[in-house]
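The lines below spell out each chain.
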Amino acid sequence: HSEIIHRSEKEWFIAYDESYGPALSFVGKTVLVRWTRPDDAVYSARLQVRSCLPGQLILPHTAVLDKKQLRRWVRELVSFPVTVTFPDGSTCGGVLFDLSAGGIMIGLPQECGSGQRMRIEFELPSFGVENVEIEILRNLGHKNSDFPNYFCLTASFAGEFGWTQERVLQYIFEVNKNKKQGVEA
């Protein structure tokens, strides 16, 4: 995590913690920069470090951005148990906090970083067990007061998820229809 200290017409300056090594060692190297625009998207770009100052890296501006949408779909608040399988085969349990056709918010007892992929398995009421790959977009920290020891992570579906997406859309449609009719789902 870093802070934008200054920006000019040609470049921008970000804070750099020199306990990771001298900033000078990054000059000429490409770094991956990600930032979040709340309620919009996570943006990322690979930029070459132009120069440095003590505690700062100086980066060029760019118009080439990768955008991962945060809220393209209607989300439904849920509280489903979930089992996560990491690429190394290890597993852990967690909770699915919200669900949409494009992604989820999940609570896990361990921290995960942006870009990390894993498989999740959960039961979608009326549709059965879903097993789908996800990619972590953001780690929001310990945000859910009902699960204070869980990290809240936003994630998008990845890999083959067409059937899961269709069932999630049907589930959300049914829940919203029942809400309008005053029926508990």
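In this report, we go over the structure that sits alongside the text. The structure displayed is predicted, hence computed values, not measured ones. All residue numbers here refer to positions counted from 1 along the written sequence of the relevant chain. Confidence filtering applies because this is a predicted model: local features only for residues at pLDDT of at least 70, side-chain atom pairs given and counted only at 80 or more, and all residues used for totals across whole chains, interfaces and linings. The side-chain numbers reported here are obtained from all heavy atoms of the structure, hydrogens and water having been left aside.

Description of the overall build of the protein
Link 1 in the chain: Along the protein, the regular secondary structure elements total one helix and 13 strands.
Link 2 in the chain: Mapped in sequence order, the helices and strands of the protein form the string β-β-β-β-β-β-β-β-β-β-β-β-β-α.
Link 3 in the chain: Type-normalised accessible area, obtained with a 1.4 Å probe on protein chains alone, sets the label of each residue: buried when under 20%, exposed when over 50%, and partly exposed for intermediate values. A total of 185 residues make up the protein; the buried ones form 38% of that total.
Link 4 in the chain: Contact between two residues is taken to exist if any of their heavy atoms lie within 4.5 Å; hydrogens are not considered. Within the protein, contacts between residues separated by at least 24 positions form 50% of all contacts whose residues are at least 6 apart in sequence. A run of DSSP states H or I qualifies as a helix once it reaches four residues; a run of E qualifies as a strand once it reaches two. Both are numbered from the N-terminal end.

Considering the pairing of strand E10 (residues 103-108)
Link 1 in the chain: Burial of E10 is extensive: six of the six residues sit out of reach of the surface.
Link 2 in the chain: Any two strands between which DSSP finds at least two bridges are classified as paired. With four bridges connecting them, strand E9 (residues 91-99) and E10 associate as antiparallel partners. Counted as the bridge partner of valine 95 is glycine 107 from E10.
Link 3 in the chain: Linking two consecutive strands that pair antiparallel, namely E9 and E10, is a turn of three residues.
Link 4 in the chain: Alignment of E10 against strand E13 (residues 151-158), held across six bridges, turns out to be antiparallel. Bridge pairing in E13 places glycine 103 opposite serine 156.

As for the sheet that holds strand E5 (residues 51-53)
Link 1 in the chain: Sheet architecture is open: four strands sit in the order E1-E2-E6-E5, paired in antiparallel fashion. Across the chains shown, the open sheet's two edge strands, defined by having one partner strand only, are strand E1 (4-7) and E5. Strand-to-strand twist across the sheet, computed as the mean angle between neighbouring axes with direction ignored, equals 25°.
Link 2 in the chain: Relative to strand E6 (residues 56-60), E5 is paired through three bridges, and the arrangement is antiparallel. Residue pairing for E6: leucine 53 is matched across the bridge by glutamine 56. Note on geometry: axes are lines fitted to C-alpha atoms, helical ones only across the stretch in contact, with angles between N-to-C directions running from 0 to 180 degrees.

Concerning the packing of aromatic side chains
Link 1 in the chain: Aromatic rings from Phe, Tyr and Trp, taking only the six-membered ring of Trp, are treated as a pair when their centres fall within 6.5 Å; an angle between ring planes under 30 degrees marks them as stacked, one over 60 as edge-to-face, and anything in between as tilted. Across all of its chains, the model carries four aromatic pairs by this definition.
Link 2 in the chain: Judged by centre distance (5.3 Å) and plane angle (70°), the ring pair of tyrosine 16 and phenylalanine 26 falls under edge-to-face. With tyrosine 16 in the loop between strand E2 (11-15) and strand E3 (30-37) and phenylalanine 26 in the loop between E2 and E3, this pair connects stretches of sequence that are 10 residues apart.
Link 3 in the chain: Seen in terms of ring centroids, phenylalanine 97 and phenylalanine 147 are 5.4 Å apart; in terms of plane orientation they differ by 45°. Their pairing is tilted. In this pair, phenylalanine 97 sits in strand E9 while phenylalanine 147 sits in the loop between strand E12 (128-141) and E13, placing the two residues 50 residues apart along the sequence.
Link 4 in the chain: Residue classification places phenylalanine 97 among the buried residues on the basis of a relative accessible area of 7%.
Link 5 in the chain: A connected cluster of aromatic rings, assembled from ring pairs, spans Phe97, Phe147 and Tyr150.

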